[in-house]
Structures are given as structure tokens and as C-alpha cells.
Amino acid sequence: MSAPDVRMSPVSAVGLVASREISTRVRSKAYRITTLVLLLMVVAVAVVFKLISGGGSADATVGYVPAAAPLSAPLVETAKSLDQKVATEQVPDQATGVAKLRDGSLDALLVQDARQVHVQAKKTLDAKLANTLGVLARQVALEQSIRSLHQDPAVVQRATASAAIDELPPLEKPYDYDSQQLILGIVAGILIYFSLMLNGQMVSQGVVEEKTSRVVELLLSTVKPWQLMAGKVLGIGVVGLIQMLAIGVVGLVAGLGLGVLTISVSAAVGTVVWLIVWYLLGFFMYAVVFAALGALVSRQEDVGGATMPALLLVIAGYVVGISVLPSDPSSRLAEVLSVIPVFAPTLMPMRLSMGGVPVWEAVVSVGLVVLLIPALIWLAARIYRNAVMRTGAKVKLRDALRAA
């Protein structure tokens, strides 16, 4: 008795293959454990940053006796100008202050009077605090000199405070970003890079697995080769998207909830949105290539060599992003490469997260990738169709392209 002739529409066929990939991989213990580990790592990183930042606590606490009280406010302001947080605490007398120095409650103690900075420490002053106190000492000495000339230090201070440089318009528009935007951009690029590497390789390994087990012969009796390839890419892409969404949302909630991210919520959400957009664009662009290259070989150990040319392009964009952008965010090299489709999935989200990217560059970058994907699908489908049924020795690329 012959098998019934099963005919499905292209959409149904692709959907059937995709749903099979999604259900198989989402149910796998490896996928669930990997996702859970990644989520825990994201939360752990947020907690570590929170602990490192100290939750806004002071870098040092300086006590002062009543006679040195006039130095308290200038010390705090001087420390702030030097990017240091110093808290001050008045003690009733020097003996009490010394006791606090001994038990570690104070890092330094201002004694005697406010006409000069007299400071006492338990052993030695921290270098950063010593520098701040040195700057304060010079300010106090200047005020004393002004008084000796029978001038009012407050008047002199107001006059000097109002002085400013006359800054002419810059030759080029400054690149406006902050350190948190830079970190978010690099994290976005890293996530996309690892996702492309893992999920892209998963596509090619899945193709080889089906060739080796001869499952592909059974599947191709029901669906066409391009439908099988498209369904596999779509299914694994959805699985990766679920993972990416979970990481992005959990990371955003952890960063904002713990106070690690102080940028606006809209900027943080925008980073996650661009992360998802560029993951989808990058994955579908590279996944069809990985599927075609995987169809050229019949052994899992040969997958790495077959997909290496595509992997090198992914790695190149990632390396430029993490090595060039942190030191030179306005790098012309990064700017040009981020518009080229093969490098854009890792580079452009980094630049977009940092800010300062002209709208036309983002539009052109996205547009070029969108235009390239159909061409890659056609080319990859031809290679896949001509090579997926051929087992044994590796199929040469030119033979797969020429075969009828």
C-alpha cells in the first residue's frame, strides 16, 4: 500500500517544521538550564555593580572638632570637585575624635582651628583623601593671604567663580554619551554575538544531524528542501528570541530596580528594543548561511570548518566593537563597518545604545540587511537543496551552486 500524497501549503510546511524545532528545543533540559544560568548571571552582574558602587556611600568620613567646623562645607565641596564623596562628622572634642579614629569610625580628624588644615589619621591617610585635603589646605592658605591684604575672601571668591573661558563652536559635533550607555552598548553587542554563535551553529549542527540520521529523507518526502531549511531557521530563531527577550527584560528590571542604571527608562528600553531588532536581523541573515554551509558536510566534526568563513565575519564585527568603541566612540572605522550588513548586527546595536548615531545611518544599516536577507535565502536554498541529500565526502560549494 503506497503512502498517501500529503500536500501542504508553503506556509503550513514551514510552520510545521518550525513548531517541531521550537517544541523540541524548548523542552530540552540543556536549553532550560542554559537560559536559567544566563538569567542568574545577569542578575549577579547587576548585584556586583551595586556592591561595587557602594550604593552611594561616602568614600571617606572625616571628623572635626568644633574649632575646625568652618572647614566642613569647603571640604565636601572640594571633594565633590575631585570626584570623591566625603562625609563629615562633628565630634565634641579631640579625645572623642581620636577614639573614633582608633575604632575605624573615622578616616581622618580635623583638629585645632580653621586657619590651617590640621589633620590626624590612625596610621596614614588614603592617597585620594590626602590629595583632597591638600587642595583644601591651599584654598585655606589663599583665603588667609587675602585677609592679610585686608580684602574680603568672599568677594574674591565670587569674582573668581564667575570667571569662565570663552569656548568657540567646535569644529565637529561632540559625541554625546555617558559611561552607562557605553556599557549597555557593549553588553548588547556581546549578547548578540554569543546568540549568533550559539544559535547559528545550532542550525548547521541540526542540518548535519538530520543528514547523518537520514531523517532528512523522510522529511523531504513531505516538504520541499527550502521549506525545511526555512522552518528550521525560523524555529531556532524563535527559541533564541525567547531567550534574548528574557535576558533583556530581566537585565533591565534588575538594573533599574537595584539602581545600577541611572539613565532614563526610555533609553534603557530603547537599548532592549534595538537588541531584539538586531538579533532578529542578524540571526536570519546568518542562520540561512549556516544552514547552507552545514548541508555541505555529513559529520559533526566538519561543521566548524564549513561554517568558519561566516563565523569570522561575526567575530570581526564583535572584535571591532569591543576593542575600538570603548576608547574611540566616534571611530570612523566602526562607523563605516556598522553600516555594512555582515558587520552591522554586532556593531550597530553598540553604537545605537551609546547614542549619537545619525538617523540616516541607522535606517541605511537596517535597510541594507533587510535587502540582503532575501538574496541570501535564495542562494542558501539553492545550496541546501543541492547538497542536503548528498552524504559522505564534503560537497564543494561550487558543485552545490552548479547542480541542477
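It should be emphasised that the depicted structure is a prediction, and the values quoted were computed from it without experimental measurement. Once a new chain begins, its residue numbering starts again from 1 and follows that chain's sequence as written. Thresholds applied to this predicted model are a pLDDT of at least 70 for local features of residues and 80 or more for the giving and counting of side-chain atom pairs; totals over whole chains, interfaces and linings are not thresholded and use all residues. Side-chain measures here rest on the full set of heavy atoms in the structure, leaving out hydrogens and waters.

*Asks:* Help me out: how do you make sense of the packing of aromatic side chains in this one?
*Replies:* Centre distance and the angle of the planes are the two values used to describe a pair of aromatic rings. We call Phe, Tyr and Trp rings a pair once their centres come within 6.5 Å, taking the six-membered ring for Trp, and we label the pair stacked below 30 degrees between planes, edge-to-face above 60, and tilted otherwise. Taken as a whole and judged by the stated rule, the model has five aromatic pairs. On the basis of an interplanar angle of 70° and a centroid distance of 5.1 Å, the ring pair of Tyr193 and Phe194 is categorised as edge-to-face. With 3.8 Å between their ring centres and 10° between their planes, Tyr193 and Tyr318 make a pair best called stacked. On the criterion of sequence distance, the pair formed by Tyr193 in helix H7 (residues 179-213) and Tyr318 in helix H11 (residues 303-324) is long-range, its members being 125 residues apart. Neither residue differs from the other here; Tyr193 and Tyr318 are each classed as buried. Numbering goes from the N terminus for both helices and strands, where a helix is a DSSP run of H or I of at least four residues and a strand is a run of E of at least two. Three labels apply to residues, based on accessible area from a 1.4 Å probe with only protein chains included: buried if under 20% of the type maximum, exposed if over 50%, partly exposed otherwise in between.

*Asks:* Would you mind showing me how to read the layout of surface pockets here?
*Replies:* Any empty space left between the atoms is revealed when a probe the size of a water molecule rolls over them. Both cavities and pockets are sets of points on a 1 Å grid over the protein atoms alone; in a cavity a 1.4 Å probe fits but cannot get out, in a pocket the set is open with protein on both sides within 12 Å along at least five of seven lines, and lining residues sit with an atom within 4 Å of a point. Grid points are joined across faces, edges and corners, and a volume is the space filled by probe spheres set on the points. In this structure, the largest pocket spans a volume of roughly 890 Å³. When contributions to the lining of the largest pocket are tallied by element, the ones reaching two or more residues are helix H2 (29-53), H7, helix H9 (225-257) and helix H10 (265-295).

*Asks:* Just to check I follow, could you spell out the nonpolar core for this structure?
*Replies:* Side chains that are nonpolar tend, in soluble globular proteins, to be buried together. Membership of the largest hydrophobic core comes to 66 residues, with the highest contact counts inside it found for Trp278 and Phe283. For this core, the elements supplying multiple residues, two or more each, are helix H1 (10-27), H7, H9, H10, H11, helix H12 (332-337), helix H13 (344-354) and helix H14 (359-387). The biggest single contributor to this core is H10, with 15 residues. Residues contacting Trp278, with those up to four places away along its chain left out, are Ile192, Ala344, Pro345, Met348, Pro349, Leu352, Ser365, Val366 and Val369. The definition of a nonpolar core used throughout is a set of buried Ala, Val, Leu, Ile, Met, Phe, Trp, Tyr and Cys residues joined through side-chain atoms within 4.5 Å. Counting residues in hydrophobic clusters, the runner-up holds 22 residues, among them Val62, Ala68, Ala108 and Val140. Here a residue-residue contact requires only that any non-hydrogen atoms of the pair lie within 4.5 Å.

*Asks:* Help me understand the side chain of Glu361 in this model?
*Replies:* Note on placement: Glu361 falls in helix H14. By relative accessible area, Glu361 is classed as buried at 2%. Ignoring anything within four residues of it in the chain, the contact list for Glu361 reads Glu335, Met348 and Arg351.

*Asks:* Quick question: what am I supposed to make of the environment of Lys211 here?
*Replies:* Inspection of the secondary structure puts Lys211 in helix H7. For Lys211, a relative accessible area of 2% gives the class buried.

*Asks:* Sorry if this is basic, but what is going on with the side chain of Ser72 here?
*Replies:* By the secondary structure assignment, Ser72 is in helix H3 (residues 72-81). Exposure remark for Ser72: the relative accessible area of 12% places this residue in the buried category. Polar contacts, as counted here, are pairs of nitrogen or oxygen atoms within 3.5 Å of one another; within protein the pair requires one atom able to donate a hydrogen and one able to accept it, and residues that are adjacent in sequence qualify only if both atoms are side-chain atoms. Separated by 2.9 Å, the side chains of Ser72 and Thr88 make a polar contact. Those residues in contact with Ser72, other than ones at most four positions away along the chain, are Tyr64 and Thr88.

*Asks:* Would you take a moment to explain the pairing of strand S2 (residues 86-90) for this structure?
*Replies:* Two faces belong to every sheet, and in a regular strand the side chains alternate between them. Paired strands are those between which DSSP finds at least two bridges. In the sheet, strand S1 (residues 60-64) pairs with S2 via five bridges, with the strands oriented parallel. Note on S2: the bridge partner recorded for Tyr64 is Gln90.

*Asks:* What exactly am I supposed to notice about the UniProt feature "transmembrane region" (unreviewed entry) in the chain here?
*Replies:* UniProt's feature table lists "transmembrane region" (unreviewed entry) at residues 30-52, 179-198, 233-260, 272-296, 303-325 and 359-381, given in the numbering used throughout. Helix makes up 96% of residues 272-296 and strand 0%, and the two end C-alpha atoms of the span are 36 Å apart. Taken end to end, residues 359-381 is 100% helix and 0% strand, and its two terminal C-alpha atoms sit 34 Å from one another. UniProt positions are given in the numbering used here, feature names are shortened, and annotations may be inferred rather than shown by experiment.

*Asks:* Would you take a moment to explain a nonpolar patch on the surface for this structure?
*Replies:* A cluster of nonpolar side chains, Val43, Val47, Leu51 and Leu258, forms an exposed patch at the surface whose accessible area comes to about 320 Å². Looking at the element boundaries, Val43 is found in helix H2. According to the relative accessible area criterion, Val43 is partly exposed, its value standing at 34%. Residues enter patches when their relative accessible area tops 30% and they take part in no salt bridge; the joining distance is 9 Å for like charges and 5 Å for the nonpolar side chains Val, Leu, Ile, Met, Phe, Trp and Tyr. Note on areas: these come from Shrake-Rupley sampling with a 1.4 Å probe, and a residue is covered only by the protein chains present in the view. The term salt bridge refers to a side-chain nitrogen of Lys or Arg lying within 4 Å of a carboxyl oxygen of Asp or Glu.

*Asks:* Which parts of the structure should I look at to understand the pattern of salt bridges?
*Replies:* Where charged atoms from two side chains of opposite charge approach closely, those side chains can pair. Scanning all chains against the criterion turns up 10 salt bridges. A salt bridge links Glu21 to Arg25, with the nearest nitrogen and oxygen atoms 2.9 Å apart. Taken together, the residues Glu21 and Arg25, both in helix H1 and four residues apart, mark about one turn of the helix. Pair check on accessibility: Glu21 and Arg25 agree, each one buried. Lys80 is paired through a salt bridge with Glu77; the nearest N and O atoms lie 3.9 Å apart. Highlighted residues: Lys80 and Glu77, both in helix H3, separated by three residues, approximately one helical turn. For Glu77, a relative accessible area of 46% corresponds to the partly exposed category.

*Asks:* For this particular structure, what's the right way to read the sheet that holds S2?
*Replies:* If you trace the four strands from one edge of the open sheet to the other, you get S2-S1-S3-S4, paired in mixed fashion. Looking along the sheet, the strands with just one partner apiece sit at the ends: S2 and strand S4 (118-120). Neighbour-to-neighbour, the strand axes of this sheet turn through a mean angle of 30°, independent of strand direction. Alignment of strand S3 (residues 108-111) against S4, held across three bridges, turns out to be antiparallel. Between N-to-C directions, angles span 0 to 180 degrees; the directions come from axes that are lines fitted to C-alpha atoms, helices contributing only their stretch in contact.

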